[in-house]
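Analysis of the macromolecular model
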Amino acid sequence: MERFERVLHYGGEAIPYTVRISTGRRERVRIHVHPDGTVEVEAPEEATAEDIGKAVQKRARWVHDHVHDARRRFEHVLPREYVSGEQILYLGRRYSLKVRHVPRPDRAVKLKGALLEVAHDQVSADAVRARVRAWYKLKARDYFAYRLGVIAKGLPWPQDVPKFQLKDMRTRWGTCAAGGTVTLNPFLVRANRECIDYVITHELCHLREHNHSPEFFRLLSRAMPQWETVKRSLDDMAEILLND
Ligand SMILES: [Zn+2]
């Protein structure tokens, strides 16, 4: 796949962007502003450099505004403090963290409406982080088992629901071992159901096709026709979802 760099000039600013020529059947030039403020332009094979430049220039203001918003948001993605009021994501929904200091026997982590309440005898960031992480793992174990069962039964090839395990991973959502065990990143439980289903479906396709061959993608597209859009939204959220 061909890639090259270009620069958009707008309002006295130079905004670099990467152009990716896609060989799919895309008909239009598509502009993506990533969560860290980088810009990627997907163009069909038949577009000329001039067409691409014009298409980006036409949306210069939109690009500029989105880049600035993304950069501002990305700055806020930086370290979590685990204090009341902080945003917690779970199954694609936003909750607000509420930290309460309680005696040891009353320790608990509970969703209450729009709040994730962490009642703990120690309220340091480390202690609260550990509690929240443990809660995510508990939720991930149940939810992934449920979705894995549903999806595996809907596909023609898995004979049984495969075994799965959770593993903290910095850059991956899931893997599938040759023996058939699926490994999933517990922080994926922060994403919405469609994103979770995409990762599970992807790994289940590896039971049939062990690498990313064209046959693998044909299988994946049959199992989840909209997977590319879902993958893109998951990629765009990665910085936020993996921030711990
Ligand atoms: Zn894969």
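As shown above, the structure is provided for reference.
Residues numbered from 1 in each chain as written. Predicted model: local features only at pLDDT ≥ 70, side-chain atom pairs only at ≥ 80, totals over all residues. Heavy atoms only, no water.

**Some details on the overall build of the chain**
Each helix and strand in the chain was counted, giving six helices and 11 strands. Along the first, second and third principal axes, the C-alpha set of the chain runs to 70 × 50 × 25 Å. Put simply, 46% of the contacts in the chain that link residues at least 6 apart link residues at least 24 apart. Accessible surface for the chain amounts to roughly 14,000 Å². Of this, 49% is attributable to carbon and sulfur atoms. (Helix = DSSP H or I, 4+ residues; strand = E, 2+ residues; numbered from the N terminus. Contact = heavy atoms within 4.5 Å. Areas by Shrake-Rupley, 256 points an atom, 1.4 Å probe, with all protein chains shown as cover.)

**Some thoughts on the sheet that holds strand 8 (residues 115-120)**
Pairing within the open sheet is mixed, and its four strands lie in the order 5-6-8-7. Looking at which strands have only one partner, the edges of the open sheet turn out to be strand 5 (87-90) and strand 7 (108-112). On average, each strand axis in the sheet is tilted by 30° relative to the strand beside it, whichever way the strands run. Judged from the five bridges that link them, strand 7 and strand 8 form a sheet pairing that is antiparallel. Paired with Ala108 across the strands is Ala119, a residue of strand 8. Its contacts with the sheet put helix 3 (residues 125-154) on strand 5, strand 6 (93-101), strand 7 and strand 8, and the angle it makes with strand 8 is roughly 125°. (Pairing = 2+ DSSP bridges. Axes fitted to C-alpha atoms, helices over the stretch in contact; angles between N-to-C directions.)

**Side note on helix 5 (residues 214-223)**
The α-helix advances 3.6 residues per turn, and as a result positions three or four apart in sequence lie on the same side. Buried within helix 5 are the following residues: Phe216, Leu219 and Leu220. In an axial view of helix 5, the angular spread of the buried residues amounts to 95°, which keeps them on one side of the axis. With respect to the buried face of helix 5, the exposed residues turned more than 90 degrees away are Pro214 and Arg222. On its buried side, helix 5 packs onto helix 4 (193-208) and helix 6 (227-241). (Buried < 20%, exposed > 50% of the residue type's maximum accessible area, 1.4 Å probe, protein only. Arc of directions from axis to C-beta.)

**Re the state of the cysteines**
The final tally for this structure, using the stated rule, is zero disulfides. The closest cysteine sulfur to the non-disulfide-bonded Cys176 is located on Cys205, 9.8 Å from its own sulfur. Of all cysteine sulfurs in the structure, the one in Cys205 sits closest to Cys195, which takes part in no disulfide; the separation is 16 Å. Classification of Cys195 as buried rests on a relative accessible area of 5%. (Disulfide = S-S within 2.5 Å.)

**Some remarks on helix 4**
Here helix 4 is 16 residues long and its end C-alpha atoms lie 23 Å apart, about the 22 Å a rise of 1.5 Å per residue gives. Most of helix 4 is tucked away, with 12 of its 16 residues classed as buried. Among all positions of helix 4, only Cys195, Ile196, Asp197, Tyr198, Val199, Ile200, Thr201, His202, Glu203, Leu204, Cys205 and His206 are buried. Looking at the buried residues of helix 4, the elements they touch are helix 3, strand 10 (174-176), strand 11 (182-184), helix 5 and helix 6. (Expected span 1.5 Å × (residues − 1).)

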